[in-house]
Amino acid sequence: GRAQAERLGRSLREQLSRADGADNLLHLHSTFRHDVKFYSSDEGRVQLTAAAIAKGLLELAGELPPILVSLIRKDAAANALLDDSSAVSAQASEIKRVLHGLMQQPPGLESEAELAERLVPTRLPA
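Residues numbered from 1 in each chain as written. Predicted model: local features only at pLDDT ≥ 70, side-chain atom pairs only at ≥ 80, totals over all residues. Heavy atoms only, no water.

Engineer: How should the side chain of K55 be read in this particular structure?
Structural biologist: Residue position: K55 is located in helix α3 (residues 44-58). For K55, a relative accessible area of 17% translates into the label buried. Ignoring sequence-local partners within four residues, the contact set of K55 consists of E6, L60, G62, L64 and I67. (Helix = DSSP H or I, 4+ residues; strand = E, 2+ residues; numbered from the N terminus. Buried < 20%, exposed > 50% of the residue type's maximum accessible area, 1.4 Å probe, protein only. Contact = heavy atoms within 4.5 Å.)

Spelled out as structure tokens, the structure:
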């Protein structure tokens, strides 16, 4: 399980690097890399899997427990998002509605930047 999760993280990093032409994930400023969070349920084995994926994705050295403590978010808010789909069903429906509307527009009506802003609004909290 852990080895497979680390391989998955490495594979994701390699795919992102190939698409971008550079290994940007590994060149992130160290303070930003420590701000990256992964979400996990409160189940121990799921947390370790998330830590292993983070280790492979960010090419981190060392054991999984320190990675788990510093990068894996496992609080009540994360559990609500991950475990209880009814808690986010209204938000998911709204997102589906917006995406459906965007997909129905003829191409070329807006610039890539405008479309990106509509798909991923920068004014919303992460």
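Engineer: Teacher, can you tell me more about the nonpolar core here?
Structural biologist: Here is a general trend for soluble globular proteins: nonpolar side chains tend to be buried in one another's company. Residues F38, A51, A54, L64, I67, L71 and I72 are the most contacted members of the largest nonpolar core, which totals 13 residues. Residue assignment for this core shows that the elements contributing at least two residues are α3 and α4 (64-71). Counting residues per element, this core draws most heavily on α3, at six residues. Those residues in contact with I67 that sit more than four places away from it in its chain are A51, A54, K55, L60, A61 and I72. (Core = buried A, V, L, I, M, F, W, Y, C linked by side-chain atoms within 4.5 Å.)

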